[in-house]
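Each chain, written out:
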There are 2 protein chains.
Amino acid sequence: MRTVTGATTSVELREHNRARLLRAVHECGASRTRSQLTKDLDLARGTASVLVTGLSEDSLLHEEPSAEHGRGRPTQIPGPHPCGPVALAADLREDGWEIAAGELGGRITPLAARPHDGTPEGAFGPLAAALRTHLQRYGSRAVGIGLAVPGPVRDDRLVDVSHLGWRAVDAVAGLASGIPAGTLLHVGNDTAFAALAEARRGRMAGVRVGLHLHVDFDLGGVLVVDGRPLGGATGVGAEFGHMPLTGRADPCLCGARGCWAMEVGANALLRHLGLAAGGGRGRDQAQAILARSGKGDPEAAEAVDAGARALGRGIAALVNAHDPEIVTLSGLGVDLFTQGRAALSEAYLAGLMRIRVERLPELAPSELGWSGALLGAMESVFDAFLTPEGLRTWRPRERP
Amino acid sequence: MRTVTGATTSVELREHNRARLLRAVHECGASRTRSQLTKDLDLARGTASVLVTGLSEDSLLHEEPSAEHGRGRPTQIPGPHPCGPVALAADLREDGWEIAAGELGGRITPLAARPHDGTPEGAFGPLAAALRTHLQRYGSRAVGIGLAVPGPVRDDRLVDVSHLGWRAVDAVAGLASGIPAGTLLHVGNDTAFAALAEARRGRMAGVRVGLHLHVDFDLGGVLVVDGRPLGGATGVGAEFGHMPLTGRADPCLCGARGCWAMEVGANALLRHLGLAAGGGRGRDQAQAILARSGKGDPEAAEAVDAGARALGRGIAALVNAHDPEIVTLSGLGVDLFTQGRAALSEAYLAGLMRIRVERLPELAPSELGWSGALLGAMESVFDAFLTPEGLRTWRPRERP
DNA sequence: ACCATTTTGTTCACGGCTAGAGCATAATAA
DNA sequence: TTATTATGCTCTAGCCGTGAACAAAATGGT
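Worth saying up front: this structure is predicted, and the values here are computed from it rather than measured.

1. Let's talk about the interface of chain B and chain A
Counting residues at the interface gives 66 residues for chain B and 65 residues for chain A. Summed over both partners, the interface of chain B with chain A comes to about 5500 Å²; 53% of that surface belongs to carbon and sulfur atoms. On inspection of chain B and its partner chain A, the count reaches six salt bridges. A salt bridge links R154 of chain A to E358 of chain B; its shortest N-O distance comes to 2.9 Å. There are 18 residue pairs in polar contact (both at pLDDT 80 or more) connecting chain B and chain A. Residue assignment for the side of chain B that touches chain A shows that the elements contributing at least two residues are α1 (10-27), β12 (219-225), α9 (298-322) and α12 (354-358) of chain B. With eight residues, the top contributor of residues to the side of chain B that touches chain A is α1 of chain B. In terms of residue class, the side of chain B that touches chain A is made up of 29 nonpolar, 17 polar and 20 charged.

Spelled out as structure tokens, the structure:
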């Protein structure tokens, strides 16, 4: 039977409304006043009063006076409690990692960043140690860890990173030395997390159906429906890059042929100029090619245009199939959009159905920079925590 | 802000539980006993008692004694009330239409079927008249109409049927003469409705992520997530057929090039044998080709194999991208599966990523025959009715 | 400086809901 | 016939949100 959400009993009603209030605070970055929240959530003032008081006593919220006054009694702004929940986030890439902490409302504090050698041990060892340090520092405030990885994730733990030759590397086991058993660990694809961040705090906010494409060494994409990136049956979504949209039949590292991902990204740029590519190295060289193209180097510009054309053609196919309101681009996708705009647009328009052209979905570069995956990893932890089930795990601090 | 579902007040709690109970009855085809429903929905016996009594008084449910007894007091089976809600469903195809009525639990009664001449007037006129007749017969029991059409639907009313040259035909206006203003009319794509039926009462029941492909004159496909086919931003989902997966660049009627839909379906079969194709006619000829292929005719078999290969190749691309648990086929897809199985499987396996082969999604022909779209249209009406908002529109019959 | 006005926060009585206990009911098994 | 078992019905207790009355805290005009 389908799972039905929503409260069933009086007690669940209260839990549901507590979670609803906290999510509203989190979503707006702790910027809405209590009276505004009361109206937005359609609550009676009395109910809001009881909820806020309860959440404050449980050290989940802390009210601050609002800076701006109108006429009438001034209202308060509910925001993160100084002893409130903290989500740890980690972004593991082919050539390094970084970690950060996020609090209710989404404010991020960078904690550490380091390059690694590309082996599972070299990557997970120091990362686990760093996580252990900060987990100890936050103590019971830490409600979970989100880990972004550059490849498909199966069963919430097995990671494949084709550029590094990783096959079914167990991320949970890799971090076991750093995080106590029972700690909530969300392992997810970097593209899916970047899409989540875009849907919550980026250009896809409020959009019902959107498409997010993340370009790094190669390309990943995922559909976002009602603010949530679509995962697959085994958890492995975000693999739009492995559809045969190139019209060619070159074998791809994934096992299929003619994959779209082979023609878009840093690897494609390097290959186009006859450089070594495919090992998860060469981010600087790719950036150099983009810089040369920006300065008018024709050879570099042609490489960029080829990537932009392939990107545009694939986007058109996906727009035809899925009818998104907007298509957002992150990572190198932003550079391809900026520097190869004409080539991209032309290929995009040429590949669309007529009815799609009539209501043309916007192509929008992300404004979150390269931190989308990190932000999304944090959001994923709060998504799980800000539910009746998640909040039941929270033990409030003793009051001072 | 994201819309949050679920009850907020005590009154909504009751409405929520009423809807939950009715949906549970509808989903299982009115086969579960009251005691089973009580357990499944995690209700107290007292609560179930109050709910069932109330719904019976509102002529939404009617309890019948259960045929099978165990030990202990025998339980009842809640099912459709003799004066309960009825959903009308219509399936409009390129060459004809049929209508039916469905009651709570999903039992369907065929009402009428007729060929048409392919013009909007020739199709909608008699259809509207037939609907009017049956709407009058059911009176206030009719809670809505679901209409399946063979093409994309925009803004819940504008229909494009490329094979018939229909462009932005207004289905609501077309039926206005037959249905009173205010009647709920759900216009939807036939593939999406077929997928909905498959998800509720077919081989995709209980599946979290599935892919449904419907083959008729050409091919449509849609992703099913948590029992609901994914629509797009403007309502036009189910257009997987218009991705350039053929590796060729022939112009398609849709305005793009190299569309997958051009190589799969009745039109492709006819074209492969040098017959006229593309006008929404020739269903019989296509069936004849399939029959010849079944009897060993090599020319017909090659046409079938070509379609099966193209189907398999495209399925692989979509499985790579979306990671479904199962792929279901309806319409001519069932015949291509049966008669071109070897060609289909080979192309399917060859196009998959390695990690998809390791956990191979099953290819499953539908068991609902050609009535999937009709069933889905009915389900769509009940989906809207069996909610707190929908039930609020219901006025119970006076008790005898 | 003062007071009316406006808006927000708090408290509490009220009605509605579900849980759960106790009892009645209706079948089977011995 | 009687014990057993499972189900349905009824009623009370406890919890929840609403909305009204009241308190609090600001602004704006006089």
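2. Concerning the sheet that holds strand β12 (residues 219-225) of chain A
Residues and elements named next belong to chain A. Spatially, the five strands line up as an open sheet ordered β13-β12-β11-β14-β15, and their pairing is mixed. The open sheet has two free edges, formed respectively by β13 (228-229) and β15 (362-365), since each of these has just one partner strand. Bridge count between β12 and β13: two bridges; the pairing is antiparallel. Note that in β13 the partner of V225 across the bridge is R228. In this fold helix α9 (residues 298-322) packs onto β11 (209-215), β12, β14 (326-331) and β15, with an angle of close to 155 degrees to the strand it touches most, β11.

3. Let's talk about the relation of the copies chain B and chain A
Superposition record for chain B on chain A: RMSD 0.1 Å, screw rotation 180 degrees, translation along axis 0.0 Å. With respect to symmetry, the two chain copies, as superposed, fit the operation of a two-fold axis.

4. With respect to the environment of P229 of chain B
Residues and elements named next belong to chain B. You can see P229 is positioned in strand β13 (residues 228-229). For P229, a relative accessible area of 23% puts it in the partly exposed group. Taking C-alpha positions, P229 is 25 Å from S31, a pair spaced 198 residues apart along the chain. The residues contacting P229, other than those within four sequence positions of it, are A192, A195, L196, V222, L223 and V224.

5. Comments concerning the protein's contact with DNA strand D
Within the structure, DNA strand D sits among 25 residues, and R14 and T47 of chain A together with R34, S49 and T75 of chain B are positioned closest to it. Within 4 Å of the protein, the contacting atoms of DNA strand D are drawn from sugar and phosphate to the extent of 67%. The separation between a phosphate oxygen of DNA strand D and a polar main-chain atom of A44 of chain A is 3.1 Å. Between R71 of chain B and DNA strand D, the recorded distance is 3.5 Å, taken from a backbone N or O atom to a sugar or linking oxygen. Going through the elements one at a time, α1 (10-27) of chain A together with α2 (34-40) and α3 (45-57) of chain B are the ones with two or more residues in the surface near DNA strand D. When residues of the surface near DNA strand D are assigned to their parent elements, the largest contribution, four residues, is made by α1 of chain A. Residue composition of the surface near DNA strand D, grouped by class: three nonpolar, 14 polar and eight charged.

6. Things to note about the protein's contact with DNA strand C
Around DNA strand C, a shell composed of 26 residues is seen, among which R34, R45, S49 and R73 of chain A together with R14 of chain B lie nearest. Of everything in DNA strand C that lies within 4 Å of the protein, sugar and phosphate atoms constitute 68%. Between a phosphate oxygen of DNA strand C and a side-chain N or O atom of S35 of chain A, the distance comes to 2.9 Å. When residues in the surface near DNA strand C are grouped by element, the largest group, four residues, is from α1 of chain B. Across the surface near DNA strand C, the residue classes tally to three nonpolar, 14 polar and nine charged.

7. Focus: helix α11 (residues 341-350) of chain A
All names here are of chain A. A343, L344, A347 and Y348 are the residues of α11 that are buried. Projected down its long axis, α11 shows its buried positions confined to an angular sector of 125 degrees, all on one face. Across from the buried face of α11, at angles greater than 90 degrees, the exposed residues are A342, E346 and A350. Here the buried face of α11 lies against α9, α10 (332-339) and β15.

8. With respect to the layout of surface pockets
Estimates place the volume of the second largest pocket at around 620 Å³. In terms of lining, the second largest pocket is formed by 35 residues, of which the most central are S162, H163, D218, H242 and L253 of chain B. Those elements giving two or more residues to the lining of the second largest pocket turn out to be α12 (354-358) of chain A together with β8 (158-161), β9 (166-170), α6 (190-201), β12 and α7 (266-272) of chain B. Class assignment of the residues belonging to the lining of the second largest pocket gives a composition of 15 nonpolar, eleven polar and nine charged.

9. Here we look at the packing of aromatic side chains
The full count for this structure, using the stated rule, is four aromatic pairs over all chains. Ring centres 5.8 Å apart and planes at 35 degrees place the aromatic pair F124 of chain B and W166 of chain B in the tilted group. With F124 of chain B in helix α4 (residues 120-138) and W166 of chain B in strand β9, this pair connects stretches of sequence that are 42 residues apart. Neither residue differs from the other here; F124 of chain B and W166 of chain B are each classed as buried. Its guanidinium or amino end placed over the ring of W370 of chain A, R283 of chain A lies 5.6 Å from that ring's centre, counting from NZ or CZ. In this structure, R137 of chain B packs its charged tip against the face of Y138 of chain B, placed 5.2 Å from the ring centre.

10. Points about the environment of N17 of chain B
Residues and elements named next belong to chain B. In this structure, N17 sits in helix α1. Between the alpha carbons of N17 and L41 there is a distance of 9.0 Å; along the sequence they are 24 residues apart. A distance of 3.2 Å separates a polar atom in the side chain of N17 from a polar atom in the side chain of R20.

11. Here we look at the domain arrangement of chain A
Residues and elements named next belong to chain A. According to the domain assignment, chain A consists of domain 1 (10-80), domain 2 (86-194 + 373-393) and domain 3 (206-366). Taking only C-alpha atoms, the centre of domain 2 and the centre of domain 3 are 26 Å apart. Taken over both partners, the interface formed by domain 2 and domain 3 buries close to 1500 Å², and the fraction arising from carbon and sulfur atoms is 54%. Sorting the residues of domain 2 by area buried against domain 3 places D95, H163 and T191 first, and these three jointly supply 38% of that buried surface. Counting the contacts that link domain 2 with domain 3 gives one salt bridge. Residues D95 and R283 are paired through a salt bridge, measuring 3.1 Å at the closest nitrogen-oxygen approach. There are four residue pairs in polar contact (both at pLDDT 80 or more) connecting domain 2 and domain 3. Looking at the side of domain 2 that touches domain 3, the elements that each hand over two or more residues are β7 (153-154) and α6 (190-201). At four residues, the largest contribution of residues to the side of domain 2 that touches domain 3 is made by α6.

The rules behind each value
Residues numbered from 1 in each chain as written. Chains lettered and ligands numbered in written order. Predicted model: local features only at pLDDT ≥ 70, side-chain atom pairs only at ≥ 80, totals over all residues. Heavy atoms only, no water. Contact = heavy atoms within 4.5 Å. Buried area = accessible area lost by both parts, 1.4 Å probe. Salt bridge = Lys/Arg side-chain N within 4 Å of Asp/Glu carboxyl O. Polar contact = N/O pair within 3.5 Å; in protein donor to acceptor, adjacent residues only side chain to side chain. Helix = DSSP H or I, 4+ residues; strand = E, 2+ residues; numbered from the N terminus. Nonpolar A, V, L, I, M, F, W, Y, C, P; charged D, E, K, R; others polar. Pairing = 2+ DSSP bridges. Axes fitted to C-alpha atoms, helices over the stretch in contact; angles between N-to-C directions. Least-squares fit on C-alpha atoms with pLDDT ≥ 70 in both. Buried < 20%, exposed > 50% of the residue type's maximum accessible area, 1.4 Å probe, protein only. Near = heavy atom within 4 Å. Arc of directions from axis to C-beta. 1 Å grid on protein atoms, 1.4 Å probe; cavity = no way out; pocket = protein on both sides within 12 Å on 5 of 7 lines; lining within 4 Å. Points joined across faces, edges and corners; volume = space filled by probe spheres on them. Phe/Tyr/Trp six-rings, centres within 6.5 Å; stacked < 30°, edge-to-face > 60°. Lys NZ or Arg CZ within 6 Å of the ring centre and 35° of its normal. Domains from an automatic or database assignment.

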